[in-house]
Amino acid sequence: RELLKILRGEAETSELLNMEIQSMLEVSNMERREISVGTLVRNPRLRLPFMIGIALMVFQQFSGINAVFYYSTGFFTRAGFSDPYLGTVLAGTVNVVATWFAVELMDRAGR
């Protein structure tokens, strides 16, 4: 309470501080609630985001991007690159730039 008075200023009334503390407690209690996988599947509001998350994880595992980066130097060597390490660095750079672009796009879309 004292810290909130300092942060919000002395002009805040005791009633407003009590309301803010109560709101924080309610949010904290809601976040503690455990949700089972069954709840995620049965609840129509949570089902679609849950399934999209699962699908993205499965797609990531089957897309093989980790294998591509792990063996990229060998790929570039067999492809005839004079400096396969440069190819690996360029592929990593493209990955970072694409990730940055995706994050910016998601932020603008409102996640």
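Residues numbered from 1 in each chain as written. Predicted model: local features only at pLDDT ≥ 70, side-chain atom pairs only at ≥ 80, totals over all residues. Heavy atoms only, no water.

1. Here we look at the overall build of the protein chain
Turning to step 1, where the next piece is worked out: Helix and strand counts for the protein chain come out as seven helices and zero strands.
Turning to step 2, where the next piece is worked out: Considering the protein chain as a whole, with its 111 residues, one finds that 6% of them fall into the buried category. (Helix = DSSP H or I, 4+ residues; strand = E, 2+ residues; numbered from the N terminus. Buried < 20%, exposed > 50% of the residue type's maximum accessible area, 1.4 Å probe, protein only.)

2. Things to note about the packing of aromatic side chains
Turning to step 1, where the next piece is worked out: Tallying each qualifying case throughout the model produces two aromatic pairs.
Turning to step 2, where the next piece is worked out: With a centroid separation of 4.8 Å and 90° between ring planes, the pair formed by Tyr70 and Tyr71 is classed as edge-to-face.
Turning to step 3, where the next piece is worked out: Owing to a relative accessible area of 64%, Tyr70 belongs among the exposed residues under this scheme. (Phe/Tyr/Trp six-rings, centres within 6.5 Å; stacked < 30°, edge-to-face > 60°.)

3. As for a nonpolar patch on the surface
Turning to step 1, where the next piece is worked out: A contiguous nonpolar surface patch, about 520 Å² in accessible area, is contributed by Ile65, Val68, Tyr70, Tyr71 and Phe75.
Turning to step 2, where the next piece is worked out: No other element matches helix α5 (residues 65-70), which puts three residues into the nonpolar patch. (Patch = residues over 30% accessible without salt bridge, like charges linked within 9 Å, V, L, I, M, F, W, Y side chains within 5 Å. Areas by Shrake-Rupley, 256 points an atom, 1.4 Å probe, with all protein chains shown as cover. Salt bridge = Lys/Arg side-chain N within 4 Å of Asp/Glu carboxyl O.)

4. Observations concerning the environment of Tyr71
Turning to step 1, where the next piece is worked out: Positionally, Tyr71 belongs in the loop between α5 and α6 (72-78).
Turning to step 2, where the next piece is worked out: For Tyr71, a relative accessible area of 47% puts it in the partly exposed group.
Turning to step 3, where the next piece is worked out: Along the primary structure Tyr71 and Thr88 are separated by 17 residues, whereas in three dimensions their C-alpha atoms are 9.1 Å apart.

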